[in-house]
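So the chains spell out like this:
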Amino acid sequence: MKGTMKKISVLTVLLACCLTLSGCLTHWFVDSTTRLQIENRSSKTVVEIDILSEEDSDYKVWIRDTIRTGEKSRVYEEDWVGTFTMRVRTVGSDFDIENLKLDGGSEYMVLSDSTDGSLHYEFK
């Protein structure tokens, strides 16, 4: 019995060390950053992604990269969690995505053409 208790104690200490070293424990429950990767399946070349929060009056640049048709962007991370307006700037026109909810964590957005000539988006 004494040996079993010692093994359980050692196992508990090792488990506690692993949990502590794996990162901030609050990130297991609430992620305060959003990581975004975009796949461009539209016929338009994306040149910039901007974000406007409900409290701000000016857009802030999130992604300043060219994402051509059929390409995927790198993963971009920012401290944005909440409801936003996203402006997708393409060669020749801009498209606004209103009431976009970002909950934090990793997001994979796919852009495609809508039948009305605008951009359609979905998260996968």
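Structure first, text after, so check above.
Residues numbered from 1 in each chain as written. Predicted model: local features only at pLDDT ≥ 70, side-chain atom pairs only at ≥ 80, totals over all residues. Heavy atoms only, no water.

Spatial ordering of the open sheet is given by 3-2-5-6, a layout of four strands whose pairing is antiparallel. A single partner strand is all that each edge strand has here, and the edge strands are strand 3 (60-63) and strand 6 (93-102). Averaged over all neighbouring strand pairs, the angle between strand axes comes to 30°, with direction disregarded. In terms of strand pairing, strand 5 (residues 82-90) meets strand 6 through eight bridges, oriented antiparallel. Paired with Thr-83 across the bridge in strand 6 is Lys-101. (Pairing = 2+ DSSP bridges. Helix = DSSP H or I, 4+ residues; strand = E, 2+ residues; numbered from the N terminus. Axes fitted to C-alpha atoms, helices over the stretch in contact; angles between N-to-C directions.)

Below, the discussion takes up the packing of aromatic side chains. Tallying each qualifying case throughout the model produces three aromatic pairs. With 5.1 Å between their ring centres and 85° between their planes, Trp-62 and Trp-80 make a pair best called edge-to-face. Of this pair, Trp-62 sits in strand 3 while Trp-80 sits in the loop between strand 4 (76-78) and strand 5, and the two are 18 residues apart along the sequence. Trp-80 matches Trp-62 in its accessibility class, with the two residues each being buried. Measuring from ring centre to ring centre gives 5.9 Å for Tyr-121 and Phe-123, while their planes differ by 80°; the resulting arrangement is edge-to-face. For Tyr-121, a relative accessible area of 29% gives the class partly exposed. The class for Phe-123 is partly exposed, based on a relative accessible area of 30%. (Phe/Tyr/Trp six-rings, centres within 6.5 Å; stacked < 30°, edge-to-face > 60°. Buried < 20%, exposed > 50% of the residue type's maximum accessible area, 1.4 Å probe, protein only.)

On to the side chain of Thr-34, then. Along the chain, Thr-34 turns up in strand 1 (residues 34-40). Beyond its immediate stretch of four places on either side in the chain, Thr-34 contacts Trp-62, Tyr-76, Glu-77, Glu-78, Trp-80, Val-81, Leu-102, Gly-104, Gly-105 and Glu-107. (Contact = heavy atoms within 4.5 Å.)

With that settled, the discussion passes to the nonpolar core. The nonpolar side chains of a soluble globular protein tend to be buried, and buried together. Of all hydrophobic cores here, the largest spans 20 residues; its most connected members are Ile-38, Trp-62, Met-86, Val-88 and Met-109. Where this core is concerned, the elements lending two or more residues are strand 1, strand 2 (46-53), strand 3, strand 5, strand 6 and strand 7 (105-113). In terms of residues, this core owes the most to one element, strand 6, which gives four residues. In this view, Trp-62 contacts Thr-34, Leu-36, Ile-49, Asp-50, Ile-51, Tyr-76, Glu-77, Glu-78, Trp-80, Met-86 and Leu-102; residues no more than four positions away in its chain are not counted. (Core = buried A, V, L, I, M, F, W, Y, C linked by side-chain atoms within 4.5 Å.)

On the secondary structure map, Asp-116 appears in the loop between strand 7 and strand 8 (119-123). Classification of Asp-116 as exposed rests on a relative accessible area of 62%. A polar atom in the side chain of Asp-116 sits 2.6 Å from the side chain of Ser-118. (Polar contact = N/O pair within 3.5 Å; in protein donor to acceptor, adjacent residues only side chain to side chain.)

Bringing the pattern of salt bridges into the picture now. Applying the stated criterion across every chain yields a total of nine salt bridges. Ionic pairing is found between Lys-44 and Asp-113, a salt bridge with its closest N-O pair at 3.3 Å. Here the residue Lys-44 occupies a position in the loop between strand 1 and strand 2, and Asp-113 occupies one in strand 7, the gap between them amounting to 69 residues. Taking the relative accessible area as the measure of exposure, Lys-44 reaches 17% and is therefore buried. The salt bridge partner of Glu-48 is Arg-64, with a shortest N-O separation of 3.3 Å. (Salt bridge = Lys/Arg side-chain N within 4 Å of Asp/Glu carboxyl O.)

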